[in-house]
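Residues per chain, in single letters:
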Amino acid sequence: MKKTCTLAVVLFAISVVTYAQPGIGKIKGTVIDGNAKTIESSTVTLLRARDSSVAKMSVADKTGHFEFEDVSEGKYFVSISAVGHQKGYSEVFELTSEKNSAELKPIQLVPLVKDMAGVTVTSRKPLIEQKTDRTIVNVDAAVSNVGATAIEVLEKSPGITIDKDGNISLKGKQGVQMYIDGRPSYLSGQDLVNLLKNMMASQLDQIEIMTNPPAKYDAAGNSGVINIKTKKNKQVGFNGNASAGYSQGKYWRTNESVNMNYRNGKINAFMNYGFNKAYNYQELKIHRTYLHPDKTVDALFDQVAFMPRHNTSNNLKLGLDYFLDKKTTVGFVASGFVNDEYQLNYNTSYLKNAFNEVDSIVYSTGKMTDTWKNRTLNLNFRHEFDSTGRELTADFDYSKYLSSNEQLFTNASFNPNGTKRGQTDLLGDLPVDIGIYSAKMDYTHPLTKQSKIEAGIKSSYVNTDNQANYYNWIGAEWITDYGKTNRFKYEENINAVYLNFSTQYKKIGVQAGLRFENTNYKGHQLGNTQKPDSSFNNSYNNLFPTVFVTYAASKNHQFGFNVGRRIDRPAYQDLNPFLFFLDNYTYESGNPFLKPQYSNNFEVSHTYKGFLQTTLNYSRTENFFTETFEQVDHATIVRNGNIGVRQNAGISMSAQVQPAKWWSASLYGNYNYSKFEGELYGEQIRVSAPNVLFNVSNQFKFKKGWSSELSGFYRSKGIEGQIVIQPMGQLTAGASKQVMKGKGTVRFNVRDILYTNWVKGSINFASTQATFENRRDSRMASIAFTYHFGKPIKGPQNNRKKGGADEEQNRVKVGGNN
């Protein structure tokens, strides 16, 4: 762990120092294309003439102009690159103490006009892109993502942490709202974890991270929104790619995928299929100390569990966009998956007295067979009224999740001398049925060239049916255990409307929005012979304002400020009041009195020369809920509960630097301080602790198609509600080689080289103290091959800027989800 932290600090320091040399000169210039038109947003790199190493980087403005300040004496030249153009260069020039400025001749970039037939053009996106309102992670830019799952890709993304149960936090705060291709997933807890574990990196294009989304987005997710964008090719003609990969840790996994796309003047059709098969394991160790009211030791408990599992996943997505005319597009996307999982659980528990002497031993075995099925349909419409940007979009979404979960538990108890006390056998059948319906409409109306208003409405309906049917083996037959059997139905309807205004006046940009949401829900626990029916319902209304202000003080300094209010609603299953059996000493329960939590978020940011961004953030969360632990005799009941108030304050820094022509680095550091205040099970809680997170990714590009990566993350000690988590991290290295004239790529990596990405923590609650370790198969070596095929058609493409089924490779307009 110390090695990982040291490496992150050293690399961060080296890269930043490279940019910290003092200078005295200024350089100006302009970039134009072959028709003498200026090119905006082109990447401009200042290179030292002696070795072509990078001195500074910048981006051309809307008029094609660029400028470098504080440049040291010496000989330089400028390199410029832009999408759709060949790279251009200036002549070599020199800055001296006598001549400390240079105005270059316009640099002309030649458009790419090659016949594309039989030629594969590849371009490398940066791993991290910093935008005004979001951070973008380009998944394919990291060699280490080969063979990884979506949740493993998220784990090493800037500002994101994954806890012991797979829950996602952003800048130290839980309550992230997860989107898939611009649409809410409507899943949370273990259901969301299962989805992300079965989604492979080879299917992903980008990950967008937004800590304070605008009013167009659902207000859910008090710490922000993460949007996972899957792959979709935009080239004209027929094209695609196929990939196959193999990973080996303690166990093995494979993943294969194929992506195909056909586009002409009227239609755009695409299909993605992914298959993966994996063997994995989890090893859990728990030590509990039970205390008397006077805090003396009552009993001790030691538990060791080994849980190997095997899962097979099939994912399919296909869709079609049809261009009715130049202004109107209709389309659909249909997708689905089938995930089969088989898990074993070998569990040994020792119950001891206060003198550490064994009183009893319990050997437990469990078998779990689970099949998750999903089908999803999106219908979408987009119409542009004119060329000013006035447009109307509409979407209808339907999604169905079905799970058939069968469990078999055998618990055998023994005396310390090995004689058997008894045995119980428990059979569980836990089907889940989730239906999701959603419809929305968005309208954009430009007021001037610099101002526009946006408005939209949305309504969603979710119904869930969760059953837990348990049977005891008595005599020679299975008898229903009505004390454990349970059925819970839940319905939720959310109606929303929003209005958003944005404008740009000289150096100041302003965006202000207001969102209204009406929430209605009801839950019904069906009774049986041992418990009565029970139900609950509630309705509430909320307003969620957002404000964004940007100020471009100069070419080198840009400032931003944003404030917003967000909500995080309980997961559907977390409202089910019944106890679920995990093992003889651990139960899980819902809480029908669980309230939604509300957060007020504030951020101030500063960007220096386009490469270094610093952000200060503060949030206050009311009715904060998290996982809690209650002790009843020697059993622990785990449930979500409202604790009170949580406050978070932090500072983050991110930098995109290029110490050498062949070396680029993405650096991220975040310091977060969390404070919890409230009451839980009659006890006052006042807990606070800092947490530090580092993410470092180094990309190296060599000749003859070779490239490599060295990356890692480090997370210091921190708190998650009642739990204290010890430091953890990961170091990863990989390499890739382009083959077959650029049509093929071979990638190899080793993740978690030092095997430091496992969770160790402690819990101190009421009359119990506990420590735990949770290990998994995180150290893996992976190799993969990707082949690009097809013949893109030469000529202009249909330039659909946004909306409908083709917004920046999204089916639904990103930023237009309400």
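Described in the following lines is the structure provided in the data block. (Residues numbered from 1 in each chain as written. Predicted model: local features only at pLDDT ≥ 70, side-chain atom pairs only at ≥ 80, totals over all residues. Heavy atoms only, no water.)

If you tally the helices and strands in the chain, you get three helices and 48 strands. Counting all 818 residues of the chain, 53% fall into the buried class. About 36,100 Å² of surface is accessible on the chain, with carbon and sulfur atoms providing 57% of the total. (Helix = DSSP H or I, 4+ residues; strand = E, 2+ residues; numbered from the N terminus. Buried < 20%, exposed > 50% of the residue type's maximum accessible area, 1.4 Å probe, protein only. Areas by Shrake-Rupley, 256 points an atom, 1.4 Å probe, with all protein chains shown as cover.)

What follows concerns the pattern of salt bridges. A complete count under the given rule lists 21 salt bridges for this structure. Between Glu-454 and Lys-216 there is a salt bridge, with its nearest N and O atoms 1.9 Å apart. With Glu-454 in strand β28 (residues 451–474) and Lys-216 in the loop between β17 (204–210) and β18 (224–230), this pair connects stretches of sequence that are 238 residues apart. Residue class for Glu-454 comes out buried when judged on its relative accessible area of 6%. Because the salt bridges share partners, they merge into one network encompassing Asp-218, Lys-458, Arg-515, Glu-517 and Arg-569. (Salt bridge = Lys/Arg side-chain N within 4 Å of Asp/Glu carboxyl O.)

Scanning the entire structure with this criterion turns up 13 cavities of 30 Å³ or more. Considering only enclosed or pocket space, the second largest cavity measures out at about 600 Å³ in volume. Ile-180, Arg-183, Ser-335, Asn-374 and Thr-376 are the residues nearest the centre of the second largest cavity, which is lined by 34 residues in total. Those elements that provide at least two residues to the lining of the second largest cavity are β16 (183–184), β21 (267–291), β22 (297–323), β23 (328–353), β24 (358–384), β25 (391–414) and β27 (432–446). Counting residues per element, the lining of the second largest cavity draws most heavily on β25, at five residues. Broken down by class, the residue content of the lining of the second largest cavity amounts to 12 nonpolar, 15 polar and seven charged. (1 Å grid on protein atoms, 1.4 Å probe; cavity = no way out; pocket = protein on both sides within 12 Å on 5 of 7 lines; lining within 4 Å. Points joined across faces, edges and corners; volume = space filled by probe spheres on them. Nonpolar A, V, L, I, M, F, W, Y, C, P; charged D, E, K, R; others polar.)

Before going further, it helps to spend a moment on the packing of aromatic side chains. In total, this model carries 26 aromatic pairs according to the counting rule given. Residues Tyr-398 and Tyr-437 carry aromatic rings whose centres are separated by 5.2 Å and whose planes lie at 45° to one another, so their mutual orientation is tilted. Of this pair, Tyr-398 sits in strand β25 while Tyr-437 sits in strand β27, and the two are 39 residues apart along the sequence. Taking relative accessible area as the criterion, Tyr-437 reaches 33% and is therefore assigned partly exposed. Taking the centre distance of 5.9 Å and the plane angle of 35° together, the rings of Trp-663 and Phe-700 count as tilted. Of this pair, Trp-663 sits in strand β39 (residues 663–680) while Phe-700 sits in strand β40 (residues 683–701), and the two are 37 residues apart along the sequence. Each member of the pair, Trp-663 as well as Phe-700, is classed as buried. Ring pairs connect the aromatic residues Phe-488, Tyr-490, Tyr-521, Phe-536 and Tyr-540, which therefore count as one cluster. For Lys-250, the ring lying beneath its charged end belongs to Tyr-281, and the centroid distance is 4.9 Å. (Phe/Tyr/Trp six-rings, centres within 6.5 Å; stacked < 30°, edge-to-face > 60°. Lys NZ or Arg CZ within 6 Å of the ring centre and 35° of its normal.)

The subject of this paragraph is the environment of Phe-624. Secondary-structure assignment places Phe-624 in strand β37 (residues 612–632). In this structure Phe-624 comes out as buried when scored by relative accessible area, which is 4%. Each C-alpha atom, one on Phe-624 and one on Gly-721, is 9.6 Å from the other, the two residues being 97 residues apart in sequence. Those residues in contact with Phe-624 that lie beyond four places of it in its chain are Gln-597, Gly-641, Asn-642, Ile-643, Gly-644, Arg-646 and Phe-676. (Contact = heavy atoms within 4.5 Å.)

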